Every structure is written in C-alpha cells, then in structure tokens.
Amino acid sequence: MTLPHSPGGVGEPRPPQAVQVHRREHRREEEQKEERQHSLQMDSSTRRRTFRSSEEEYQFSPADYALAAALALTASSETTWEAQLRRQTSTVELEERGQKRVGFGNEWERTEIAFLRTQWLLRQRRDRKALRRRTEEKVREAKELRELCSGRGPWFWIPLRSHAVWEHTTVLLTCTVQGSPPPQVTWYKNDMRIDPRLFPAGKYRITNNYGLLTLEIRRCTIEDAATYTVKVKNAFGQASSFAKVLVRTYLGKDAGFDSEIFKRLMFGPSVEFTSVLKPVFAREKEAFSLNCLFSEDVLDAEQNIQWFRDGRLLRSSGRRQILYADRQAVLKVACAYKEDEGLYTVQVPSPFGLQEQSAYVFVRDAAAEKPGVPGSPLNVRCLNVNRDCLILTWTPPSDTRGNPITGYSIELCQGESEEWVPCHQAPGGTCRCPIQGLIEGQSYRFRVRAVNKAGSSVPSKASEPVVMGDRDEAQRKTEIPFDMGKTITVSTDEFDDFVTIPSPPTNVHGSEIREAYVVLGWEEPRPRGKAPLTYFLEKSVIGSGTWEAINSETPVKSPRFALLDLEKGKSYVFRVRAINQYGMSDPSEPSEPIALRGKPATLPPPTQVQAFRDTQTSVSLTWDPVKDSPELLGYYIYSREAGSSEWRTVNNKPIQGSRFTIPGLRTGKEYEFCIRSVSEAGVGESSAVTEPIRVKQALATPSAPYDFALLNCGKKEMVIGWKPPKRRGGGKILGYFLDQHDSEELDWHAVNQQPVPTQVCKVSNLHEGHFYEFRARAVNWAGVGELSAPSKLFECKEWTMPQPGPPYDLRVFEVRATSLMLTWEPPLYQGAGPVTGYRISFQEEGSEQWKPVTPDLISGTHLRISDLQPGKTYVFQVQAVNSAGPGQPSMPTDPVLLEDKPDAREIEVGVDDEGFIYMAFEAPEAPDSAEFQWSKDYKGPPDPERVKVEEQPNKSKIILKDPGLEDLGTYSVVVTDADEDISASHTLTEDELNKLKKLSHEIRNPVIKLISGWNVEILEQGEVRLWLEVEKLSPAAELHLIFNEKEIFSSPNRKINFVREKGLVEVIIQHLTEDDKGSYTAQLQDGKAKNQITLALVDDEFDKLLRAADAKRRDWKRKQALDAIFTELGRIGALSATPLKIQGTEEGIRLFSKVKYYNVKYMKTTWFHKEKRLESGDRVRAGTTLDEIWLHILDPKDSDKGKYILEIAAGKEVRQLSADLSGQGDLSTRLSLGETYRAKVVRGLPDVATIMEDKTLCLTCVVSGDPAPEIYWLKNDQPVTFLDRYHMDVKGTEVTITIERVKSEDSGRYGVFVKNKYGSETGQVTISVFKHGEEEKMLKM
C-alpha cells in the first residue's frame, strides 16, 4: 500500500522568481515533446526531392553566425509547433503539384519548377527574418534563465513518498530536487543522521544524480521501520521532505491481531529487564528490598508490575511497600519474618508476553537473646475457632542451636492492645495446642516462643487476628425468599415448639487425641431449648463404675472441650449435659473409650539426596520426597563445608517439592548437604549426607558468538573474525561452526564441517561483488551452542587500499579501579607497507566521541592503560598505522566497568619451605577445563630453562630455578575458559628479588630464633641459674652444651634442663665455685635450623656473681633456723589444744578449743562434718584467735547433727579433735528450744475464702513465738500497705486483717508472715471476690 506523503517544502511560499522560471521550463518541455512526436512520424517515403541553384545561396553575416551559435547553446535541436505546421502545409502542396504534373506534361512541369523556386526564395527570406527574431528572443530568455538560476534556493520538484514493504526486501526512496548552486544532501532516520560507514556494508546506499536523490535500504528488518527525512541546503536556502517506511513480517497467523506492529500499537513499547534479581539474605526483624531496572517506562506501572511470593500475588501493606520510579521497580519489607522467606517473582507485560525475573529471599534467625536458645517458630495459625476455644498450630524452627526444644510458650494479645500475656505452655513434641477460656466476640492474636534448656527464643510473628464466635450459628439460620428477590432470615430455633429444658447432646467423641490432651466434641441438642446453652462434662475411668465431674474455670459454651489432665495408660469414657436458664438436660450417651496416645513420631528423612553443580555460587539439590505423609509441612536443608562439623541451616521456612537451588556458596569450596522432614511432631532425623561437591559452573552449551568483522578480503575469499561467547558453559570452547549467506540467495550454507579451533576463519569460493553475511555456533563438551545473529553484509571485493586492515581479538585483562591491560593481534592485511604502530582510542559511556589514549603510536600489541576514572564504563578500539596512514579500526571491545572487585585475586610472591622463589595464582572459580597461561612482559610464556611451572587444582605456580637479573620483568597470568576476566600481573623488581633471595637463603640455611639470650639469676638457696629462651622447638630438637670447649652433661652440682615445647635451656649450679668460671655455649639444632649462643662468666663479672651467691646462701640458712623455731612453737601449740567444747548461743551452737599459742603462718586448721570438709558460709563460720580455735553454727537444724572433727597441722605434726552432735545434750536442747520459741502461725486461716463485692472481709489467725514475732501481711507475695480500706489488729496472739468494701481487684493470694530470732513461718489464704448476681467462683492462682 502507499501511504500519504508530504511534498517537500509544504507550507513554505515559493519566491516569484522561482515561479517564473518554473513556467518557462514547463513551456520548453512542452515544445520538446511535440517535436519528438513529429520526428517519430516522419518517414523517408514522405520526403520529396529538392533543388538548389547558385542564386539561392545566401551569405550570412558574423552577427548571424553569433546568433546561431547562441541559439545552438540555449535552444533545443527540436523545432517548434510553428515549424511543424509549415512542414505539413508544404507536404500538401507538393502532393497537389504532383497531380498537376501528370495533367499538364513537361511544360507545366518547368513552369511549376520555376514557380516553386521563386516561392522558395521568398519563403526562405521570410524564414530568415523570423529565425533571426526567434534567435534573439531565445538568447534573451536564456540570459534571463541563467540570471534566475545562478542564485536560487533548493526545492523539491518530486518529493519522497511512503512505502510499506515485506521483511528482508529492499526499499528505494527517491525524490527530485533543484537548486543553484547544487545543494548539500543529508538523510536522516528518526532524526538521526544516516552514515553508511557506521552500518553494515551494503545496508544503505545513497546516490545523487544531477538532482535525482535516492536512498536504498537493503534487506529491511523490523528495526528499519521508521520515518526517513532528506534535507537539502545551499547558500540561498534549505528544504526537506520525509516519508514513512513500514516493514511487515511473514508470521503467518501472527500477521493479524498478533502481529508485532499491532502489539506495539496496543501494548506500547517492548519492556525488557536491564538488571538481574539476585538472592537476598535478610535477617529476622530487619529490613530488606528487591529492585529491578527496565529498558523503557512501564505504562500504568501500579497495575502492570506485579510481585509474587511462591506464586501468591503481593500487595502493599503496613510492612511492605511496592514502588516504581525512573524505570525501577522496588519491593521493600520494613520488618522481615521467616514467613517472608520464599521465591519472589516480578512480572511486567510486553508485546511478546509476560517478562519475569525471580530470586529467592532467605530470612535468617534473629540474633539470640541468650547463647544457645533456639530460633523462633513460624506460621502460627488459628484453627477450629469457636465461641470460647480454638486450636493453635505452628511450624518448628530449623535451628535449635545445639539444644533440643523442650517446649513452647504461647502468648496472646487481645484486640490491638499490643500487651502480650503468657497463656499456655505446650510440650516440645508437638506444634499443636488447644486454647480455652477465651471470650466470645473478642479479637485475639497469638505468638509462640520455642524453649530449651538455654532459655526461650524471640517470639514468632503474630497470627492473623481471629474473632471468637459460634461457627454453627450460620447453619441454624435459613433464608426464605419472597417478594421478587427479597429474603427473610429465620433461625431454626423458631420452628421448634416451646421447650425450656434442652435435650441431651449427641455424638460425644474424641475429635482430636494427642499425647498430652484430648479434644472432646459433640453435637448440639435438638431441640436446643430457646435459651443460651452451656455444657457440663463428666468422665469415668473404664472399670471404675463411677462418674466424676470435669471442672472448668469458665462455663463451656462451645461443643468442644480440651482435656489436659488425663492420666496416661488409662481409658476414659465421657458424657455431656446441656444447661440453660431453665435447667440441665439428661446426660448424653457415653463416648467410646478414649485414651491418650503415645508421643507422635517425627517423619523419616527423604532419600536419594543428590547435589549437582549449578553456577559459580550455587548448587542444585534433588531428593525423593517422603510418601504418604499428609502431615508433612516441608523440608529443612542444612549445609557445611567439607571437613567441618558445624551444620548451618539453608532455609528457615520449610520448602515444598523435591528440588532446590542453594545460592550464596563460596566458589571452589566443597560442601556437604543433608535434609530433614518437618511436621507438627517436630524436625525429623537427617538424611544421608551427600558426597562433597565443589561449587563450580555446571557444564552447559555456550552462548552465541557475536561482533563479526571482516579482517581481509580477496577477489573470491574473505577472512572473518568474531568474539567468543560471553557464556562458555563452564568448559573449554572446542571450536566454531560458521555459516555463510549470499544476499542474492535464500539459503544459508555451512562453511566448515569440522570445528574451527580459533576465532578466525577463511571463507573461499565466493563471488566477487556479492554481499555476504555470516553466523556461527560455538562447541564445547556439552554440545553445540546457540546460533548467533547474522553479521552485517560484507562485500566480496579485493582490498587494494594502501592502509592496513583492522586489528582483531582485542582482549581486556587485569581490570582494576583505575587501570586495565589491553592486548590485540596485528592486522592480517598489511596494506602498502609494514605496520609502524598502533593508535588506541577510547570512548566513555554515553559519548560518541573517540579520544586517543596516548598521543604517540604504540609499537607493541599490548598496552597498560592507567589514570582512568573509577566507576566509569569505557570502550576501546585499535587502529594499525603504516606509511599510508591509519587503517580500519578494530571491532570495539565490550563496555568495561572500572572497579576493584572484592574477590579479585593477585599473584602471590614468596619463598616456599624448600627455599625456592615462586609466584602463584589461585582461582577457585576457574572451570575444570581452565588453563593458567603465564606470560612474561606480555611476549609469551616464560623461558622454561629459567622457570618451572607446577599445576594444582584451581592453582598454578611458577618457580624460579636460578633467580637472577634475567628474571626481572612483568609476569602475568590469565585463566582461560572463564566467563569473567580472571587475570593478574606482578612486576618483579631488583629490590624485591634481593629480599626474596635473602629469605630463600634463610630458609635453606635456617636459624633458630632467639627470644632471650643468656640470663643469670641467683635462687633462694644460693643456687645460680643460667637460662635462655628460643622459639618453640620440635620433639626432635637437640642441645649440646659446651663449657670451656668441652661438652658437659647434667651432674649433681650442675643440672641441665632442656624444655623443647617452650624453647627453654636451663643450667642450675647448686654451689658456684671457681671451677665454674669460663664460657658456656648452647648449640641448638632442630631439623635444618641451627643456632649457637655463648655466655662468658669470667673476671669481675664472675667474682661479683660468686659473692652474691654466697651471701644469698648464708641468708637462706639463717632463715631456715628461724623457721625451725617457729615450726616447733606451732607443734607445741597444736599439742596444747584442749578437747572440743560445745556452747549454745542466741544465734546457734559454738564449738571451740583452747591452745597456748596459735600462729597463722605455721599452724593450719580444718573443720570436718561427717568426714566432709566445711567451708565458711552463711550458716557456718570458722575462725581463730591467739588462744582459741572455734566453729559457729547459726540457726542449727537436724541436718547439722553428727560428728565434727578439728584438724590442726603444725609442720609434720597433725592432731585431730572431735565432738559428736547427734541429738543429745546441748544440740538437742538447742534444737528443742528453737522449735519451741520459733515464730509460728498456729491456726485460724482457711485455704480459700469467697466474698461478694462491697462486703467487709475479716481474717483472724493465732500466732506464737518467744520472743514475740514480727508480723507482716502479703498480697501476691508483695507487702500490704495498711491504708484506707486495709486495717490490721494484734491482740495478744490473735492477728486480724480487715478489708472494707471489697472489690474485684482485692482477689488474690494473701499470707501472714511471722518471724523471730528462732525462725519464721508463713500462713496463706486465697480470696475470691465475685460480683452481684454471679455465682461463687474459685480463683485459680
């Protein structure tokens, strides 16, 4: 179809001068057209013979010749319509003359000839005059035309028109423009200038043939659909014309409403993700967020961008925000809980369907409040909600932190009060518990804490609010339709006859039987009795024959009741009575026998757990799920590094299914995994541990090659190069398959049958002048990879330009924050001369300008580019230069982001244990097939004569055989077959080499490190100690001690100690004499390490040491004599100790012994009771004076009876004294006196007291004790303040407390506490206050 077009210059008024020229040209074109038609009609048969005589010759003047020449230059060769008319008239006349010639004979013929000659002469003269006038007019018009055209702005005589074409066809846009001087022509596509040099060869062809402008677009694609504009401009003005090109695709059924054009019109631009969602590792009670970027603005983002968790649509809430701004979608969670863990997916619509990305969010346990406490439970839910009870369930935590869970603490909150109150304790073997005693119509939330011996966990996320109500109420109501769609709701109770006392309940059964409780259920009575119901329950042990009432704290309003106090091993039957305001029903039929079940067993673990490689940081797990287990809640996965004993939880929310991918692992490390099943009974046993698996990229087919370039071209052959795949599939690229396509043919043809091992391929047997495009596939051990997109069109035309071709195989290595390394291969086409250098250019992201990296040419094929700006993205290209100038630029590199990667590794330089200097590089993320390619000065591998290369898994090391100046330089290493750049370099300088050589010498000739040299000390008894300390030595270390050039050994006077684990060498000389004067040398050897330390004891130094040792020895002997005297005095004092005596005191009993003399330093005393050593404490105190040793027992009790022993030690003399307190004598008296005089509450207080509000409560009790005891009243273990309504009266032994106008808050546990010096006692009473009209109820404390 043809679309409406816009002629050039529409809306721009034409100047009058241009209109006049247009009219003249139009008239001239009409005359030329008439003349052409006349010349085609002329034939030789219509022409007649003509005659010419001498007198007919006409002489033309120079002016005539000038006019004729001007006419020839300006006028066309064709005659005007006037000449054509004259010629037709002459032809008619000739025909008539022929008829006359026949009729009159020869005489008439001669007369006619003479007449014709005369007529011809006259006519010729007349025509010459007309010709002169016409020539003058033409010359004048030509002059005017030249004057008009010499200064005229351009305008479109024929403008562009729009086209609609099929995909892969060619479209030709043409237009005609006029102007003087000839205008400059520029073509635009969507307001972007078209430069054919920047597009694939042959894509665009632009021509200008004397004002006929053409733009040829070859092999149109969808991207060519655009608005094309041509702009013309000269010194006198400018004009433009535009046309639209639509490209239709052969999509079969998709050519209709599903066509790409229709989708773009209906759904807007195609939106794609420009970032990747990554796994998030959040922590409980902390915030996390997910965000992604789009290529285009998303229309109506709130409706079109959707977030999901485990397939469930998410909406904004108090904790969660879903935002969109600046092409970025964000999901924020302010406070994370374990329930927020899961697979998050973001979806956005596009013309080609939904685009989506997914990432897993892990929520780890919050920091423990105490060491060893478990993680918090999760998924707290309320089930079977009734009027006053419900069933609470939850999921056990994955991490118990080494201590098994012993129970769960349940807390509740009424309404929105945020006041959490403990309400129940559940055993550790179950995650299900009944909650009773709730208030109908009240809203509740619950949360759970896990408890072990270390303490309780942080609370779980609160359950959703539930409102207590009668769930059977709706079933008792019936809707009756009437009057055109209206309804009346009627209760079934209204259909019953008037009944006062309800019928007995039916179907009493155990609806839920567990290890710790039984939930009893029944059906409501029919009829119910037209009054609110409560229920009264009874139980009977099988075989007892009696029924016992089941007491509950509150009336039972729901047809369900949980029994928590049943005994294990017994069977029970139950029956229920219904009660309303009119009375109690008969009992129901007894239930079937019910007994508590055993402890529920956890589920077995899954089987066939296998781990597979996935990515550089993740592992995929598969397993056979547990079958026939409806109670299964999911699985917990645990991981650990191989060789470690510490297991870590992977997920804190049970996962479903039988497959899971574990991200966030360390590349190159080995891991083991196990799985546990989760149910309400708890977390089960671990599955079998998987075999250790190293975290590496899984082997997959590679992605497609890209960026094809023409490296050389002959008449019938081309050399094509390309870039390797961005994803190599975790293996080595074995080669490439290349296809070619002639633009004049329909089919593709394979270039090679065997893989090409390099990224360069020579294609032969081509047709000169044809255009070709290419595509390729990469091959690795996993198979053939993705097919690349077709390259641009390359023309098969022999290169003859003098400049060189493009360099190729540009690679970027060693990317850091401000520098990188660029290498390339020289061009295959050298041009007119050899390459003299290379010009490196770079382009910043967002800029179209190429800037030189260095002002001078680079001679080599590598360059380290420094001083770049960190955080920016750059693109680089290289041009080869020869004597003819710079050649074609290379294919630009991929964008390179300058940054320091946190896990970037550098070359390690050092000296090994054998003393060899080495350079090592480790890359845990390297694929299994990777090779470490070492290079020196970027010129190739190091000389194998000078270095030795050792390979280890994920590590390579080169060892310098004979380090020297020849080894100085830059050593670089590149890891092949990796998707990302793994490379590093190190420049070995002379200073560094010298340090390494020195360290190498020390390792090959090691010295034992000296910590402290020889030290000299004089001991207490006058001995002389010589010692030194070195580093810790191995058990095989040896010591040779040389004294005056002779090795010495231990002797009675000279003791030698060698403590290897401490590195201690010690020589103790018992009695220093002149024979000990000289030099002492310690020779140490530990493996290859050696050291020798010498001490010289000579001259004045030795004499000084000798005198000091003698003085010390004399002092010690004097001190020994004094110690002997005091020791003897102590022995005498111990022998003088009198037998133990017993003395009663107000505080208790005192045992003591008298001595003549007691010295704390030389005499030690120890007390024993029943052969157990006594230590001073709150009730037992021991002490001494100068003449007494005593033990005081405070507040003696029956446990204090028995035998007491006093042990007195003085030197070697030990004496024991004993006394027996076995209930006789003083202790019995003391204990009986204490019991007699101790403060007591004798009688008077009841266990429980109930009273109505506003009454006066009096409680009286009798107390005893001598001396009279102190009296205190307590309420709920807190002292009672006697003010206002509270009064206390003491009359002798009677104590009375009075509470006036009692209230509900006076309910509680009261106690009277009495105390004197002989003891204390507490009497307790529970007081329950009920309101007016209520029945008396017992208060449970």
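Residues numbered from 1 in each chain as written. Predicted model: local features only at pLDDT ≥ 70, side-chain atom pairs only at ≥ 80, totals over all residues. Heavy atoms only, no water.

Chemist: Can you break down unusual backbone geometry residue by residue, with the values?
Modeler: Residue proline 181 follows serine 180 across a cis peptide bond; omega there is -5°. The residue proline 181 is located in the loop between strand S3 (171-180) and strand S4 (184-189) in this model. The phi angle at glutamate 1045 is positive, at roughly 65°, despite the residue not being glycine. Of note, glutamate 1045 is situated in the loop between strand S68 (1038-1043) and strand S69 (1046-1047). A positive phi angle is found at aspartate 1099, which is not glycine, with a value near 55°. Tracing the sequence through the fold places aspartate 1099 in helix H7 (residues 1099-1135). By relative accessible area, aspartate 1099 is classed as exposed at 55%. (Helix = DSSP H or I, 4+ residues; strand = E, 2+ residues; numbered from the N terminus. Buried < 20%, exposed > 50% of the residue type's maximum accessible area, 1.4 Å probe, protein only.)

Chemist: Describe the packing of aromatic side chains, with residues and values.
Modeler: All chains considered together, the criterion is met by 25 aromatic pairs. Between tryptophan 799 and tyrosine 829, the ring centres sit 5.6 Å apart and the planes meet at 80°, which makes this aromatic pair edge-to-face. Residue tryptophan 799 is found in the loop between strand S50 (794-795) and strand S51 (808-813), and its partner tyrosine 829 is found in the loop between strand S52 (820-825) and strand S53 (837-844); the two are separated by 30 residues along the sequence. Take tyrosine 829: its relative accessible area is 13%, and that puts it in the buried class. Joined through ring pairs, the aromatic side chains of Phe281, Tyr360, Phe362 and Phe660 make up one cluster. Taking the ring centre of tryptophan 166 as reference, the NZ or CZ of arginine 248 above it sits at 4.3 Å. (Phe/Tyr/Trp six-rings, centres within 6.5 Å; stacked < 30°, edge-to-face > 60°. Lys NZ or Arg CZ within 6 Å of the ring centre and 35° of its normal.)

Chemist: Tell me about the sheet that holds S3, residues and numbers included.
Modeler: In spatial order, the strands read S1-S3-S7-S6; together these four strands make up an open sheet with antiparallel pairing. Either end of the sheet is taken by a strand with one partner, and the two such strands are strand S1 (152-158) and strand S6 (204-209). Within this sheet the neighbouring strands show an average axis-to-axis angle of 25°, counted without direction. Pairing of S6 with strand S7 (residues 212-217) involves six bridges; the strand directions are antiparallel. Paired with asparagine 209 across the two strands is leucine 212, which belongs to S7. (Pairing = 2+ DSSP bridges. Axes fitted to C-alpha atoms, helices over the stretch in contact; angles between N-to-C directions.)

Chemist: I'd like a rundown of helix H6 (residues 990-1004), residues and numbers included.
Modeler: Residues three or four positions apart in an α-helix share a direction because the helix packs 3.6 residues into each turn. An ideal rise of 1.5 Å per residue puts 21 Å on 15 residues; H6 measures up with 21 Å between its terminal C-alpha atoms. Among all positions in H6, only Leu993, Leu996 and Ser1000 are buried. For H6, the buried positions fall inside an angular range of 65° around the axis, keeping them on one side. Structural note: H6 exposes Asp991, Lys995, Lys998 and His1001 on the side pointing more than 90 degrees away from its buried face. (Expected span 1.5 Å × (residues − 1). Arc of directions from axis to C-beta.)

Chemist: Provide a residue-level description of the pattern of salt bridges, including the pertinent values.
Modeler: For side chains bearing opposite charge, pairing can occur when the charged atoms are close. All chains considered together, the criterion is met by 56 salt bridges. For glutamate 538, the salt bridge goes to arginine 577, with nearest N and O atoms at 3.5 Å. Here arginine 577 lies in strand S33 (residues 572-580) and glutamate 538 lies in strand S30 (residues 534-541), a separation of 39 residues in the sequence. By relative accessible area, glutamate 538 is classed as buried at 10%. The salt bridge involving glutamate 641 is made with arginine 666; its shortest N-O contact spans 3.3 Å. One end of the pair, glutamate 641, is in strand S37 (residues 634-641); the other, arginine 666, is in the loop between strand S39 (659-662) and strand S40 (670-679), and 25 residues separate them in sequence. For glutamate 641, a relative accessible area of 27% corresponds to the partly exposed category. Each of Arg432, Glu512, Arg514 and Glu680 takes part in one network of salt bridges that share partners. (Salt bridge = Lys/Arg side-chain N within 4 Å of Asp/Glu carboxyl O.)

Chemist: Please give an account of the confidence of the model for the protein chain that cites residues and values.
Modeler: This prediction gives the protein chain a mean pLDDT of 84; 87% of its residues lie at or above 70. At the level of individual helices and strands, the protein chain shows its lowest average pLDDT in helix H2 (residues 62-74), which scores 48, and its highest in strand S44 (residues 718-723), which scores 96. pLDDT under 50 marks residues 69-81. Its contacts with residues more than four places away, or in other chains, come to 21 contacts. Long-range and interchain partners of residues 252-257, a stretch whose pLDDT sits below 50, account for five contacts in this model, where long-range means more than four residues apart. (pLDDT = per-residue confidence, 0-100. Contact = heavy atoms within 4.5 Å.)

Chemist: Go over the nonpolar core, please, and point to the residues and values.
Modeler: Core analysis: the biggest nonpolar cluster contains 29 residues, and Trp1014, Leu1026, Tyr1080 and Leu1084 have the highest contact counts within it. Listing elements by their share of this core, those giving two or more residues are strand S67 (1024-1030), S68, strand S70 (1054-1059), strand S71 (1064-1069), strand S72 (1078-1086), strand S73 (1089-1097) and H7. Apart from the residues within four sequence positions on either side, tryptophan 1014 is in contact with Leu1026, Trp1027, Leu1028, Leu1041, Val1065, Val1067, Tyr1080, Ala1082, Ile1093, Thr1094 and Leu1095. Grouped together as the second largest cluster of nonpolar side chains are 24 residues, Ile305, Trp307, Val333 and Val363 included. (Core = buried A, V, L, I, M, F, W, Y, C linked by side-chain atoms within 4.5 Å.)

Chemist: Give me the pairing of strand S32 (residues 560-563): which residues, what numbers.
Modeler: A regular strand places its side chains on the two faces of the sheet in alternate fashion. Here S32 shows two buried faces, one formed by Arg560 and Ala562 and the other by Phe561 and Leu563. By the bridge criterion, four bridges tie strand S29 (residues 518-523) to S32 in an arrangement that is antiparallel. Looking at the pairing, valine 519 lines up with alanine 562 of S32.

Chemist: Go over the sheet that holds strand S64 (residues 969-975), please, and point to the residues and values.
Modeler: Spatially, the three strands line up as an open sheet ordered S61-S64-S65, and their pairing is antiparallel. If you trace the sheet from one side to the other, it starts and ends with strand S61 (932-936) and strand S65 (983-988), each paired once. Taken pair by pair, the neighbouring strands of this sheet meet at an average axis angle of 15°, ignoring direction.

Chemist: Account for the pairing of strand S55 (residues 862-865), naming residues and giving values.
Modeler: Judged by which residues are buried, S55 turns out to be one-sided: Leu863 and Ile865 face inward and are buried, whereas His862 and Arg864, on the alternate face, are not. The sheet contact formed by S52 and S55 spans four bridges and is antiparallel. Along S55, the bridge assignment pairs leucine 822 with leucine 863.

Chemist: Please set out the environment of proline 892 residue by residue, giving values where relevant.
Modeler: Relative to the assigned elements, proline 892 resides in the loop between strand S57 (885-889) and strand S58 (896-897). Excluding residues within four positions of it along the chain, proline 892 makes contact with Asp707, Lys723, Trp850, Val875, Phe876 and Gln877.

Chemist: Describe the side chain of glutamate 339, and please don't skip the residues or the numbers.
Modeler: Within the element layout of this structure, glutamate 339 appears in the loop between strand S15 (328-333) and strand S16 (342-350). At a separation of 2.6 Å, a polar atom in the side chain of glutamate 339 contacts the main-chain amide nitrogen of asparagine 379. (Polar contact = N/O pair within 3.5 Å; in protein donor to acceptor, adjacent residues only side chain to side chain.)

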